[in-house]
Amino acid sequence: MPKDKKTAALYSSVGADEGQLSHQSVNSITKKEAKGNLHFEKDPAEKEQALCRAGGPTLAMIGMEELMEQTFPAKESVIDNFLYKGAYLFAGAPKIGKSFLVLQMAYAISTGLPLWEYRVHPGAVLYLALEDQYQRLQERIARMFGVDGQGDLLLAVSANQIGQGLEKQMEYFLDRYPHAQLIIIDTLQKVREVAGDRYSYASDYDVICQLKSFADNHNISILIVHHTRKQQSEDSFEMISGTTGLLGCADGAFLMHKEKRTDRRAILDVVGRDQPDQRLRLLRNEETLTWMLEGADCELWKAPPDPL
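(A) Broad picture of the overall build of the protein. Within the protein, the regular secondary structure consists of 8 helices and 13 strands. When each of the 308 residues of the protein is scored for burial, the buried share is 44%. For the protein, the exposed area adds up to about 16300 Å²; of that, 51% sits on carbon and sulfur atoms.

(B) Representation of the sheet that holds strand E10 (residues 252-257) within the structure. Spatially, 9 strands are ordered E7-E6-E8-E9-E5-E10-E11-E12-E13 in an open sheet, and the strand pairing comes out mixed. Two strands in the sheet have a free side with no partner beyond their single neighbour: strand E7 (153-156) and strand E13 (291-296). Taking the axes of each pair of neighbouring strands and ignoring which way they run, one obtains an average angle of 20° across the sheet. With 6 bridges joining them, E10 and strand E11 (residues 265-272) adopt antiparallel strand pairing. Residue Gly-252 lies in a different strand from E11, and its bridge partner there is Gly-272.

(C) Structural detail: the packing of aromatic side chains. Tallying each qualifying case throughout the model produces 7 aromatic pairs. Where Tyr-88 meets Phe-254, the ring centres are 6.3 Å apart and the plane angle is 50°; that geometry is what we call tilted. Residue Tyr-88 is located in strand E5 (residues 86-92), and its partner Phe-254 is located in strand E10; the two are separated by 166 residues in the primary sequence. Aromatic ring contacts, followed pair by pair, group Phe-82, Tyr-88, Phe-90, Trp-116, Tyr-118 and Phe-254 into a single cluster. Sitting over the face of the ring of Phe-100, Arg-140 holds its NZ or CZ atom 4.4 Å from the ring centroid. Between the NZ or CZ atom of Arg-284 and the centre of the ring of Phe-100, over which it lies, the distance is 4.5 Å.

(D) Here's a closer look at the side chain of His-218. Within the fold, His-218 resides in helix H7 (residues 201-218). In this structure the side chain of His-218 is engaged in a polar contact, spanning 3.0 Å, whose partner is the backbone oxygen of Phe-214.

(E) A look at helix H4 (residues 98-111). Between the first and last C-alpha of H4 there are 20 Å, a value that for 14 residues agrees with the 20 Å anticipated at 1.5 Å per step. Extensive coverage of H4 is indicated by the burial of 13 of its 14 residues. Remark: Gly-112 follows H4 within two positions and exhibits a positive phi of approximately 85°.

(F) Geometry of the side chain of Ser-110. Here Ser-110 shows up in helix H4. Assessed through its relative accessible area of 8%, Ser-110 is described here as buried. Residue contacts for Ser-110: discarding those within four places in its chain leaves Gly-123, Val-125, Gly-151, Asp-152 and Leu-153.

(G) A look at the packing of helix H6 (residues 166-176) against H7. Relative orientation of the contacting elements H6 and H7 amounts to 25°, with a least axis distance of 12 Å. Here H6 is positioned roughly parallel relative to H7, judged by the angle of their axes. The hand of the H6/H7 crossing is right-handed. Taken together, the residues of H7 that come into contact with H6 (itself represented by Leu-166, Glu-167, Met-170, Glu-171 and Leu-174) are Gln-210, Leu-211, Phe-214 and His-218. Here the residues of the contact of H6 with H7 sort into 5 nonpolar, 2 polar and 2 charged.

(H) The environment of Gln-210, seen in detail. Position of Gln-210 relative to the elements: it lies in helix H7. In sequence terms Gln-210 and Glu-167 are 43 residues apart; their C-alpha atoms lie 9.3 Å from each other. Not counting the four nearest positions on each side in its chain, Gln-210 is found in contact with Ile-162, Gly-163 and Glu-167.

(I) Spotlight on the pairing of strand E6 (residues 125-129). Most of E6 is tucked away: 5 of the 5 residues are buried. Judged by which residues are buried, E6 turns out to be covered on both faces: Val-125, Tyr-127 and Ala-129 on one side and Leu-126 and Leu-128 on the other are all buried. Strand direction decides the pairing type here: E6 and E7, joined by 4 bridges, are parallel. Residue Leu-126 lies in a different strand from E7, and its bridge partner there is Leu-154. Handedness of the crossover is the feature at issue here: the chain leaves E6, passes through helix H5 (residues 134-145), returns alongside E7, and the resulting connection is right-handed. Looking at chain direction, E6 and strand E8 (residues 182-186) are connected through 5 bridges and run parallel.

(J) Spatial organisation of the nonpolar core. Core analysis: the biggest nonpolar cluster contains 39 residues, and Ile-79, Phe-82, Leu-83, Leu-223 and Leu-268 have the highest contact counts within it. Among the elements that take part in this core, H4 stands out by supplying 8 residues, more than any other. When residues no more than four places from it in sequence are discounted, the contact partners of Ile-79 are Met-105, Ile-109, Leu-115, Tyr-118, Arg-119 and Val-120. Counting 32 residues, the second largest nonpolar core, distinct from the first, contains Leu-166, Tyr-205, Cys-209 and Phe-214.

(K) Structural view of the pattern of salt bridges. The full count for this structure, using the stated rule, is 12 salt bridges. The shortest N-O distance in the salt bridge between Lys-85 and Glu-76 comes to 3.5 Å. Look at Lys-85 and you get buried, because its relative accessible area is 7%. The shortest N-O distance in the salt bridge between Glu-286 and Arg-264 comes to 4.0 Å.

Parameters and conventions
Residues numbered from 1 in each chain as written. Predicted model: local features only at pLDDT ≥ 70, side-chain atom pairs only at ≥ 80, totals over all residues. Heavy atoms only, no water. Helix = DSSP H or I, 4+ residues; strand = E, 2+ residues; numbered from the N terminus. Buried < 20%, exposed > 50% of the residue type's maximum accessible area, 1.4 Å probe, protein only. Areas by Shrake-Rupley, 256 points an atom, 1.4 Å probe, with all protein chains shown as cover. Pairing = 2+ DSSP bridges. Axes fitted to C-alpha atoms, helices over the stretch in contact; angles between N-to-C directions. Phe/Tyr/Trp six-rings, centres within 6.5 Å; stacked < 30°, edge-to-face > 60°. Lys NZ or Arg CZ within 6 Å of the ring centre and 35° of its normal. Polar contact = N/O pair within 3.5 Å; in protein donor to acceptor, adjacent residues only side chain to side chain. Expected span 1.5 Å × (residues − 1). Contact = heavy atoms within 4.5 Å. Parallel < 35°, antiparallel > 145°, perpendicular 65-115°, else oblique. Left-handed = near helix turned anticlockwise from the far one by under 90°. Nonpolar A, V, L, I, M, F, W, Y, C, P; charged D, E, K, R; others polar. Right-handed = clockwise from strand over helix to strand, strands pointing away. Core = buried A, V, L, I, M, F, W, Y, C linked by side-chain atoms within 4.5 Å. Salt bridge = Lys/Arg side-chain N within 4 Å of Asp/Glu carboxyl O.

The values reported here are purely geometric and, on their own, carry no functional implication.
Here's what the structure looks like:
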């Protein structure tokens with residue numbers, strides 16, 4: 001096997017929105033530099049996969065031996081061992097401090113400053129603060145980070161819905177800031193179509209899949225802020241409001257929770273396809289309103305050696 005193999009697994013797992021690979025697809029994957037972010041050329045196998053989805057007689061397949069001979073790009077991180085390219089949920093109860101923490105993540109990435117003990121890969125960030133106003137954002141940023149205004153952090157307080165212009169607006173941002181790393185949508189409910197009682201596993205899965213496809217196609221990370229429900233569960237991630245379709249399609253999730261709403265301390269649980277579970281203990285600085293890392297229930301995760 002050649003020595004330049006990086007990994008033998010795709011960096012997005014195969015789900016309902018992705019067909020299986022054919023011999024053509026794995027041999028013709030190419031990358032091109034387009035405005036600072038990686039894009040993948042469409043390969044001929046997509047026609048075969050489209051026919052298959054439409055009820056055609058073909059089935060895209062690849063043998064295990066040939067699969068193991070392929071070279072795929074490694075999963076890229078935005079914050080090492082913490083946040084990767086793809087679509088991620090960030091859930092927590094209302095007014096628990098979610099928006100402050102995602103803003104802290106955005107500021108670190110836009111300035112290149114580390115987030116606690118995690119190294120970041122700097123780049124422009126778009127923060128869609130759809131439940132806020134510019135005056136409140138100004139006051140919050142000044143208190144958290146000062147008034148220097150450094151870094152490529154772009155903010156907006158209104159945006160279109162998914163499938164009704166949001167994608168074009170995000171592409172407009174990427175055209176102006178080709179080396180962007182992250183888009184934050186705060187909150188999911190503000191950009192999804194109102195469906196009343198019609199939300200289902202399929203609709204939840206589809207809305208995240210659309211955002212995941214955008215993130216994958218433009219080689220960025222999209223962090224989607226969402227709420228939890230009041231009902232308790234043995235699995236804390238089952239507290240995410242909606243069906244399991246939301247988490248089922250996402251590349252990972254962050255869940256923020258407290259024992260009491262008035263506590264200064266919070267727990268941040270992290271799960272993802274590209275890293276094991278983590279549980280971080282956070283403490284809020286009441287003067288700056290930023291979150292500090294008190295410790296972790298296990299050592300901060302580090303990527304294991306590549307077996308290939």
